[in-house]
Structures are given as C-alpha cells and as structure tokens.
Amino acid sequence: MRIGWGIRNLARQPLRTALSLLGIAVASAMLLDMVMLSGGLERSFERLLLGRGYQIRLTPKGTLPFDTEATLSRASAVIAEVRADTGVAAAGGVLGGSLYARRGDSLITFFGYGIDPSAQALYQVTRGRDLAPGDTLGIVLSEAAARALGSGPGDSVSVAGGLDPQLATAGTERRLQVRGLVRWLYDYRGQRSVGLVLPLMQRLTRAGADRASVVMVRARNDAEVAALAARLAERHPRLEVSSVADLVQQVRDRLVYFRQLSYILGSVSLIVTVLLVATLLAITVNERLGEIATLRAIGVSRLTVVGQVVAEGTALTALGAGLGVALGLVTARYLDTILTSFPGLPAAISFFVPDGRALAIATAVLLAAGALAGLYPAWLAARAPIADTLRAEAT
Amino acid sequence: MLLALLLLPTGDPAQLPAQEVAVERRLAGELGLRVGDSIRIGPSPDSLRMAGIVAAVYEPRPDPSGIMRRDKQIRMHLPDLATLLGHPDRVDRFGVSLRAGIAPESAAARLNRAAFGYRARPSAEIAAESSQTFLVVSRFHRAIGVITIVAGAVFLLCIMLLKVEERRLDAAVMRFVGVRRRTIFAALLLEAALIAVAGSAFGVVLAWIAGAATNAYYQRLFDTRLVFSLVTPGIVGFSVALSLLLGLGAGALAAWRLVRTPPMVLWGRA
C-alpha cells in the first residue's frame, strides 16, 4: 500500500497520464537517438577499419588515408621494410585509380584497386574465389560492377587503363577472367569497383612502376599498435603513419558538429522530461492536498508522502522511457537512412550505433531525473499544514 | 586546374624557377609564412621541384563545403601549375560565360554535340550535385525538427490540460453563480492564448540567444565568417503560428472537457 497509492494515482487521470507518458516517450526517444548519435559514427568507422584486422595505414605525407592523386614511390621496398619489423603480422600495398571496361560499344568506368591478395584488407569474397598472389590474368568484381558488365565468375572481361579523355582511347587493355564477386568494405552503395593484383594495376593505370596509394599493416598484437606506429613513423619520415585510433580521432574532429548537436538535443530532451514530470506532479499534489493532509492526520509520516510522490515520478518516467526506447529505435533507423545517404559514404557506415554502456548511463540519468523532478512536488506535499488544509477542504 | 600539392618552407635547390604564389591566410598562419618568404612546392613529398615566393596572403571566400575538410590552399598561375605537374596546356575544367538570353542547358547540349573529349554542364547542375551533402544535412535537420515539434506539441497539450484543470473550482463556482458555459470556455481559451503568446515570445528570445551563441561558437571553431544559425522572420512567424495553434487547440480541448463536466463533480461533491 505504501508505495502503491502514488503509482495507482496515475490511473485516476488517464488522459493526463497518457499525455504525460507520450511527452516523456518522445523526449526519451530523442535522448536515446542522441546517445546513439554521439559516438555512433566513430564506433561504426572503427569497426569498418578493423573489419579485417589491419590497424595501421602508411600514405604519402600530408595526404588523406586513401588518396588516389598522391602515391608513394618504392612501394615494394617500403612494404619489405615494414614486414621486417617483428611486430608486423602482414603488410600489403594498395593502388587506387580509374579503370574502364567495354560492354558492346560503350566504355564503362570503374574504380580499380590494385591489391596484394595475400595481405589485403579491402574486401570479402561473396561468390567464386579470390585472386591468387601474382594472378595477372584474374579480376574480382563488386556486385554493381558485375551487373554493369553482365559478367560473373568464369567470364572474361576486357579492362583498360590510362584513358586519354580527348581521344577516348585506352592506353593499355587486357583480357581478364572474373575469379569472383567481392564486397568492398569501403565502397559506397552501388559503387562499381574491380580488384586486380598490384603489379597489373600499376601497368594499366600508368601510375608508374612500384607505386602505391597506401600500405596497410596488421600488427601481431593489438596492444602494441601505438608503439609499432611510432616505430614505423620514425623509420619512414616521409610517410604519414596512421593507426585506426588516429583515423577515428580525425573523424571525431571532422564530425564534431554531430557530437555537439547530440549533446545539446539530448540535454534539451532531459530538461523537457524533468519539466513535464515536475509540472504534472506539482499539479497532482496540489489537487490531492486534502487527501495527503488526511493521511498525515492518521499518522502517515512525511517520509512516506515524499516516497509516494517520488515513486510516482519515477514510475511515470520509467513507463515513458520504455515507450521511448521503442519509438527511439524506429526514429534512429529513419534518421540513419537520411544521414547514410551522404554522397561517397561507405555503405557499411552507420551514424546511430547503440553502445551498451552509454545507453545504461542515459537510462540511469533519465530515471534519476524523473525521481529528482518529483522532489519539489514531494516537498510541497510533505510541508502542507495538516489542520489548515483539512479546514480548507471542509469548507 | 585543381590538384593536391605539397608545400614546404625550405632552402634546398629547386629544379624549376621560382614562381609567385598566393597562400590562404589559415595556411600562412599554420606555416608562419609571410609575403616575400620562399617555399618549395611539388605534387608529392619526394618531388618538391618548384621554388615559390609568397606574393600574397589571401582570405578565401567563405565556403560551407570546405569547412569540414579544412582544406589548405595556395593559388598560382595556371601555366606554372601545369608546368609543375608536367602537363602543359591541360586543364581540369574551364568556365564559359554565355551571352544574355542564351539558356545554359541548350548551350551545354550544343557544345556536347559539337565536340569530343569533354563534357559541358550548366553551372546549376554542378551546384546541385556538389550541394548534395547540404541537402542531406538539411533533410536531417528537418526530421529532427519534426520530432522536436511533436515533443513540443505533446508538452504544450499536457501543460494546457493541467493548467485548465487547475481551474476546476473556479469553473464550478462560476457555473453555480450562473455564468454560461460559453463564457467560461471563452475565458479559459483566452487564458490559453495568453500563455501561448507569452511562451512564444519567450521562445523567440531564447532562439535568438541560442542562435547567436551557436554562430559565435562555430565561427570561432572553424575560423570562418559563415552564418550557421539564422532566425529569419519566416521561421519566427511559422514557429509562433504553430505554437499559437497548438496552444489554442490544447486549451480548447481542455476547456471543452471542463465545461462538459457537471459543476458538482468539479466541486468534488458528486
């Protein structure tokens, strides 16, 4: 009974309670979404970068982690030096650039990756088989590239590079066999990408012998990534050595706007919840002053009255938050669909990613806010003068 | 011609003669460059072939698309850049100014039919493509705005309902002394309207302060003159109208429930 009447009181005014619950649910949904947004992209990006366990990237100094315009020279020597480090489990070069393929009379443009099949961190085979090291006669395609070419594993395609835009003629053309279809981890939705072994890509794109856009490195031990990155940076002062943690930090710096927006809107949601619960309880307590005075007159302690009002606020917040979780997951999905339509964003990236710890903290803060919101009305209820209130009720 | 270049303040001998370059203010600040300083420029770290002299430090036109990238830019004469890249007499793109009355779409179509090796596109088409990012952000803001409006509407409805219900005893007394339901309804509605107006006015002031704080913060953060938050008369009008509409609607609903209730029930004796 002691805890009961405060909570049962919610059923006395069903419309009022329903509206309050709806208001708290919308505010909680917003809070949930903002908690997911606050670090969602970083978590998603980190998972993407570590998808195949390569924790370090080496690129030309002053360039982005994958910039097809700037390439590093003496790539094989750099890779050999990197592999010589005892902390390195695997290292492979990647060269990116445009390639072209013929289908009938038309020339289709593709994004080409030159890779080392024994040390690649860019794709997963979905159909057929992978390229073998040194396979200069094979090619792997993304689903979109396979659709554009109308080809599948076992088919032959003609691939060209070094296109002259004024003459629309290809410099070098090769007939290659499709070994398999792959899912490129960093591609945007529907990107037409193809993969070849690095030496063949270097020849086709005329990038220059022994050049690569990036060297990807997998450390033997996750705990030693920072030390390994520091060693590599010291040995290769003309290269940019970035660990996944560095890249995530760069993303964090660039997308500071979304994090700040999530903090602001999350705080506003919390304030709205507190205001709603506090207003509702203050008016409810005001309406029930006579009832509370009667309870006090028959010996119910002030502490019990305070406990009832606080329990009412907490119950209201918990019920609203429960509804808010369901609503928040739906709205997060919708908002994620909007943000992931950013042009050029990898298809595997997500902005709204749940994190257990952050969600637990948000829930605890929300419930604490609901309980705190009940404190002022509870204080009003506890300090009401018994005799005066009963006299006023009687007249 | 656009390309990523590398730039180092250095004293090593260059292979190409020194050329004048203009350096963006932020980059000049980062590298500590001043007009007259010597630099080395090249397309890659191992190929800083050209010597340059800082002829000017310039302030670029505020560009939203460059804010997140924080590009570092220099400007140089086209032939110098083409020589540096080893592609003399080549450009990525060039602009065409049309005579008055010529539609860009038809001019682009004619150029595309007449020549081979390039593609002509109206500036509006390029602008629409390059502003895709902002359209996505705008759609996101709109979706957040709708959620906020729903939350605000429910909040307003709750407050109005509670506010009107607080007047149960007053309404009962008025009914006992013969005041008509319609009069009570109008009085409660007027009260709701006054609250909505006062709340809207406070909201506008709050929005203006929040907007000013947002602009001050982000302009400082990104070192730009771009305006991030703009409280326009249209937005104020829409917000006030919506808030009044919601306030009046919520007030009317609550007042209607109150005047329908028998006075003895309102008084709490039934």
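Here is what the cut-offs are and how they apply
Residues numbered from 1 in each chain as written. Chains lettered and ligands numbered in written order. Predicted model: local features only at pLDDT ≥ 70, side-chain atom pairs only at ≥ 80, totals over all residues. Helix = DSSP H or I, 4+ residues; strand = E, 2+ residues; numbered from the N terminus. Rg over C-alpha atoms; globule rule 2.2 N^0.38 Å. Contact = placed C-beta atoms within 7 Å. Buried ≥ 20, exposed ≤ 12 C-beta atoms within 10 Å, placed from the backbone. Domains from an automatic or database assignment. Axes fitted to C-alpha atoms, helices over the stretch in contact; angles between N-to-C directions. Parallel < 35°, antiparallel > 145°, perpendicular 65-115°, else oblique. Left-handed = near helix turned anticlockwise from the far one by under 90°. Nonpolar A, V, L, I, M, F, W, Y, C, P; charged D, E, K, R; others polar. Core = buried A, V, L, I, M, F, W, Y, C linked by C-beta atoms within 7 Å. pLDDT = per-residue confidence, 0-100. Pairing = 2+ DSSP bridges.

## A word on the overall build of chain A
Part 1 of the reasoning: Looking only at helices and strands, one finds 13 helices and 10 strands in chain A.
Part 2 of the reasoning: Relative to the compact-globule value of 21 Å for 395 residues, chain A shows a C-alpha radius of gyration of 31 Å, a clear excess of over 25%.
Part 3 of the reasoning: Each of the three principal axes of chain A carries a C-alpha extent, and together these read 100 × 50 × 35 Å.
Part 4 of the reasoning: Across chain A, the fraction of contacts at a sequence separation of at least 24, relative to all contacts at a separation of at least 6, is 81%.

## Looking at the overall build of chain B
Part 1 of the reasoning: Check the secondary structure of chain B and you find 10 helices and 5 strands.
Part 2 of the reasoning: When burial is assessed residue by residue, chain B has 17% of its 270 residues classed as buried.

## Describing the domain arrangement of chain A
Residue and element names in this part refer to chain A.
Part 1 of the reasoning: Splitting chain A by domain gives domain 1 (4-48 + 254-394) and domain 2 (62-237).
Part 2 of the reasoning: For domain 1 versus domain 2, the separation of C-alpha centres amounts to 51 Å.
Part 3 of the reasoning: Opposite the 6 residues of domain 1 that make contact, domain 2 presents 5 residues.

## Digging into the domain arrangement of chain B
Accessible area lost during the coming together of the parts is what is often quoted as the interface size.
Part 1 of the reasoning: Partitioning chain B into domains gives domain 1 (6-85), domain 2 (95-130) and domain 3 (138-267).
Part 2 of the reasoning: On the side of domain 3 of chain B, 5 residues touch domain 1 of chain B, which itself brings 4 residues to the contact.

## What to know about the packing of helix α10 (residues 302-339) of chain A against helix α6 (residues 132-165) of chain B
Part 1 of the reasoning: In the contact formed by α10(A) and α6(B), the axes pass within 8 Å of each other and the chain directions differ by 160°. By the criterion of interaxial angle, the relationship of α10(A) to α6(B) is roughly antiparallel. Seen along the crossing, α10(A) lies across α6(B) with a hand that is right-handed. Contacts from Thr331(A), Tyr334(A), Leu335(A), Ile338(A) and Leu339(A) of α10(A) reach α6(B) at Val136(B), Arg139(B), Phe140(B), Ala143(B) and Ile147(B).
Part 2 of the reasoning: Looking at the contact of α10(A) with α6(B) residue by residue, the class counts come to 8 nonpolar, 1 polar and 1 charged.

## Points about unusual backbone geometry
Part 1 of the reasoning: Of note, the phi angle at Arg74(A) is positive, near 50°, even though the residue is not glycine.
Part 2 of the reasoning: Within the secondary structure layout, Arg74(A) lies in the loop between β1 (56-60) and α3 (75-83).
Part 3 of the reasoning: We note that Asp223(B) has phi near 50°; this positive angle belongs to a residue other than glycine.
Part 4 of the reasoning: Among the secondary structure elements, Asp223(B) is positioned in the loop between α8 (181-222) and α9 (233-260).

## So, the environment of Val182(A)
Residue and element names in this part refer to chain A.
Part 1 of the reasoning: Mapped onto the elements of the fold, Val 182 is located in strand β7 (residues 172-184).
Part 2 of the reasoning: For the pair Val 182 and Val 125, spaced 57 residues apart in sequence, the C-alpha separation works out to 4.2 Å.
Part 3 of the reasoning: Apart from residues no more than four positions distant in its own chain, Val 182 is found in contact with Tyr 123, Gln 124, Val 125, Thr 126, Val 140, Ser 142 and Gly 195.

## Quick notes on the environment of Ser142(A)
All names here are of chain A.
Part 1 of the reasoning: Topologically, Ser 142 is positioned in the loop between β5 (138-141) and α4 (143-149).
Part 2 of the reasoning: Residues Ser 142 and Gly 195, 53 residues apart in the sequence, show an inter-C-alpha distance of 8.6 Å.
Part 3 of the reasoning: Not counting residues up to four positions away in its chain, the partners in contact with Ser 142 are Val 182, Trp 184, Asp 187, Gln 191, Arg 192 and Ser 193.

## Considerations on the nonpolar core
Part 1 of the reasoning: The biggest cluster of nonpolar side chains holds 77 residues, and the ones touching the most others in it are Val26(A), Leu31(A), Val154(B), Leu157(B), Cys158(B), Met160(B) and Leu161(B).
Part 2 of the reasoning: For this core, the element with the most residues is helix α2 (residues 14-49) of chain A, which contributes 18 residues.
Part 3 of the reasoning: Each residue touching Cys158(B), except ones within four places of it in the same chain, is listed here: Leu19(A), Ser20(A), Gly23(A), Leu276(A) and Leu280(A).
Part 4 of the reasoning: One finds Val94(A), Val178(A), Trp184(A) and Tyr186(A) within the second-largest nonpolar core, a separate group that totals 53 residues.

## A closer look at helix α5 (residues 198-205) of chain A
Residues and elements named next belong to chain A.
Part 1 of the reasoning: Most of α5 is tucked away: 6 of the 8 residues are buried.
Part 2 of the reasoning: Within α5, burial applies to Leu 198, Leu 200, Met 201, Gln 202, Leu 204 and Thr 205.
Part 3 of the reasoning: Where α5 is buried, its residues contact β2 (88-103), β3 (106-115), β6 (156-161), β7 and β8 (193-197).

## Concerning the confidence of the model for chain B
Part 1 of the reasoning: In this model, chain B carries a mean pLDDT of 83, and residues with pLDDT of at least 70 account for 90%.
Part 2 of the reasoning: For this predicted complex, the interface confidence reaches an ipTM of 0.74, while the overall pTM sits at 0.73.

## Points about the pairing of strand β10 (residues 239-243) of chain A
Residue and element names in this part refer to chain A.
Part 1 of the reasoning: Buried residues dominate β10, accounting for 5 of its 5 residues.
Part 2 of the reasoning: Where burial is concerned, the two faces of β10 agree: the one with Leu 239, Val 241 and Ser 243 and the one with Glu 240 and Ser 242 are both buried.
Part 3 of the reasoning: With 5 bridges connecting them, β1 and β10 associate as antiparallel partners. Directly across from Arg 57, in β10, lies its bridge partner Ser 242.

## A few points about the packing of helix α8 (residues 256-287) of chain A against α10(A)
Residues and elements named next belong to chain A.
Part 1 of the reasoning: Remark: α8 packs on α10, axes separated minimally by 10 Å, with the N-to-C direction vectors making an angle of 140°. Put simply, α8 runs oblique to α10. As for the relative orientation of α8 and α10, their crossing is right-handed in sense. Along its contact with α8, which presents Thr 273, Val 277, Leu 281 and Val 285, the element α10 presents Val 309, Glu 312, Gly 313, Leu 316 and Thr 317.
Part 2 of the reasoning: Residues belonging to the contact of α8 with α10 are distributed by class as follows: 5 nonpolar, 3 polar and 1 charged.

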